[in-house]
Structure formats: C-alpha cells, structure tokens
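Commentary on secondary and tertiary structure
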Amino acid sequence: MKNITFPEGKRFAFSIFDDTDYATVDNVKPVYALLEELRLRTTKSVWVFPAQDRECPYYQSQTLSDPEYLAFIRELGDRGFEIAFHSASMESSEREVTCAAFERFRELLGFYPNIHVNHAGNKENLYWGLDRLDCSPLRSLMRMKRKPSEFAGHDPGSPFFWGDLCRDRITYVRNFVFREINLLRVNPTMPYTDPRRPYVPYWFSSCEGGSVGSFNELLSLKNQKRLESEGGVCIVYTHFAKGFVENGRINRTTQELLEHLAGRNGWFVPVSQLLDYLRVRQPGDALTASERLRMELKWFWSKLMHGTS
Ligand SMILES: [Zn+2]
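Summarised in this report is the structure supplied together with it. None of these values were measured; they are calculated from a predicted model. (Residues numbered from 1 in each chain as written. Predicted model: local features only at pLDDT ≥ 70, side-chain atom pairs only at ≥ 80, totals over all residues. Heavy atoms only, no water.)

**Here's the deal with the pattern of salt bridges**
To keep it simple, the criterion reads: Between Lys or Arg on one side and Asp or Glu on the other, a salt bridge is scored when a side-chain nitrogen of the former is within 4 Å of a carboxyl oxygen of the latter. Secondary structure counts use DSSP, requiring at least four H or I residues in a row for a helix and at least two E residues in a row for a strand, with both numbered from the N terminus. In this scheme, a residue with accessible area under 20% of its type's maximum is buried, one over 50% is exposed, and one in between is partly exposed, where area comes from a 1.4 Å probe on protein chains only.
All told, the structure shown has 19 salt bridges when counted by the stated rule. Note that R196 and D134 form a salt bridge whose closest N and O atoms lie 3.8 Å from each other. Of this pair, R196 sits in the loop between strand 5 (172–178) and strand 6 (202–208) while D134 sits in the loop between strand 4 (115–116) and helix 4 (136–143), placing them 62 residues apart in sequence. When its relative accessible area of 60% is taken as the criterion, R196 is described as exposed. You can call D134 partly exposed: its relative accessible area is 24%. Among the ionic pairs, R292 bridges to E296, the shortest N-O distance being 2.8 Å. Taken together, the residues R292 and E296, both in helix 10 (residues 289–306) and 4 residues apart, mark about one turn of the helix. Here E296 falls in the buried class, since its relative accessible area comes to 1%. Salt bridges linked by common partners bring D134, D194, R196, R197, R292 and E296 together as one network.

And the structure:
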C-alpha cells in the first residue's frame, strides 16, 4: 500500500463530507459545535434554493434561502468549515437554475463552491446512474434497474446540462463510496482524473457512514487504530441530519468515537484541503484500468448488499 506523509508529522488524514439531506439548524448544529470543540474541520454541503414541490421528500430541509440557516452556514465558514455544493436544490434543476444557484451561492457566501456531490435522483446529476460505471457486465446488471438517459448534467443536448460550469468552477466531485476506513487501500490515486468523464476536473472516493449507525460502525475503535497504523486517508460520507441528534443531544456513541479520534495524531482538515494536498503530492498519478475495475466491483457489490451511496 502507498505510503504518504502528512503535514506537521501527523500519522493519518481524516475528514467528513456532510450531505445536506434533511438538514436544519436544529438537527445538525450540535454536531458542528462538537466538531469545532474537538478541532475537527470538515465539509458541509448546502442547497441554495428550496423545493418548489411540497411533495419532495426533502422538503423540510433548510437551504441558503432561509435566513436562519444562511447565518448558521456563514458562521461555519468563518470557523474554518468548508461549504460545498449539493446541486441547486433538492429537486431536479434545469441549466438556468443551476447557473443562478452558483451566482447566488457566491453572492451569499463570497466564493464559488469547490466541491460538488450529486444528489439522489436529481436529473442534472453528472455521470450518475449507469454512467458511473465503465465495466459492461456491471452496466448490464444496473440497466435492469435504471434507464440509460436518466441523468444528464454532462449531456450538452439536455436542458439539465451544466458540465461546462462544473468544469470551470468545481474542482472535486465524489463518485464511489466504500465500506472501508482507509481509502488508500481502494483508491490510491485519489483524487484522479477520468478522460471518459471530462466535465469533472478531479474525482474522489469516500468511506460509507451515511447514517448514525454506519458512521459509528465505520469509526469503531478498531478501525480508528487501523487507519492510524496504516497512515491512511479517511473521508467519511455522511448525513448529519440522519439520527445524529435527538432532542438536541448528540448520539452518545458518536460523541465518544469522535472524542477518541480527535485524541489521535491525525490531520483533521476539510475535504478540499486534504484532496489538494494529495494532488500536489502525486501529480500525474492517473487512475489505471485495473484500479477502476476493482473500485467498480467493490462498490457494486456493496451497493447490492448494503445499498451504499
Ligand atoms: Zn443528497
């Protein structure tokens, strides 16, 4: 396995990408207060606009259009957390809406987002559904569940196209998520470029911690120990609005695991900072066909068995 040295003599690197699904100030603020207290700086995604459709399952989530939530997000940014893009809103957006969302994001926060992660079934998702995969047999299996042209953010002929905007404004987009604490074991060339998916400058992978249960499982003391002893890299993909806070209190196990982690000799920085560091350290490291195939197989199997992101 690849050996990486980290700044300030740190033994491993750790970050979190928080998907904004269902998030409100009430259901995520206590988590951020804890992360700040523990000096863990991470990345939180946002939606810019609310849903038009009241039937949208994410309708209760807050967005930058909500003054209370906007103030909370600005404060997080001021305190060193990274703010990322999770599409214009919780429902599909055509090109003009995505363009307007980028401008509004900058107007409200002072910068364009550097990271994007596709949201669930949004039609403007880039290289999503079948287009996540190269391997023909896996594509055939997936085709049984998905229509080929379901997602079109990368298709210049579609009203949902915004690939050029992504290429010009965004640096990193997430694809595969694994049930593994050390990403160097599965994706040593991260962040990688992919000539077949040119509207994304760099891709990264994540570790599965989508809900409070899988998050706590991923960050078990045994896994933390292995991450540190292997000198690994962990970017947890989670939804802090999914059961981490109940009646204003953080899940006790999560709190203990994070406290334990913070006591280790780790480099705790937002996702972009971590990926920038890896990118500079390994310029020109291209994703090989065999690394890609291994990732696709591992991810597909995990999706089949556990329904990971
Ligand atoms: Zn989402």
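**Let's talk about the coordination of the zinc ion**
The cut-off we apply is this: Any N, O or S atom lying within 2.8 Å of the metal counts as a donor, with the limit raised to 3.2 Å for Na, K and Ca; because water is left out of the atom set, some sites can appear incomplete. Any site counts as irregular unless it has four donors with all angles between 85 and 135 degrees, making it tetrahedral, or four or six donors with opposite ones more than 155 degrees apart and the rest between 65 and 115, making it square planar or octahedral.
D19 (OD), D19 (OD), D21 (OD), D21 (OD), H86 (NE2) and H119 (ND1) make up the full set of protein donors to the zinc ion, lying at 2.1 to 2.7 Å. Here the zinc ion binds 6 donor atoms, and the angle range of 47 to 163 degrees at the metal identifies the geometry as irregular. For the zinc ion, all donor residues lie on one chain, and their spacing in sequence is D-x1-D-x64-H-x32-H. A residue pair is termed long-range when its members are at least 10 positions apart, and D19 in the loop between strand 1 (12–18) and helix 1 (25–37) and H86 in the loop between strand 3 (82–85) and helix 3 (95–109) qualify at 67 residues. You'll find D19 and H86 in the same group, each marked buried.

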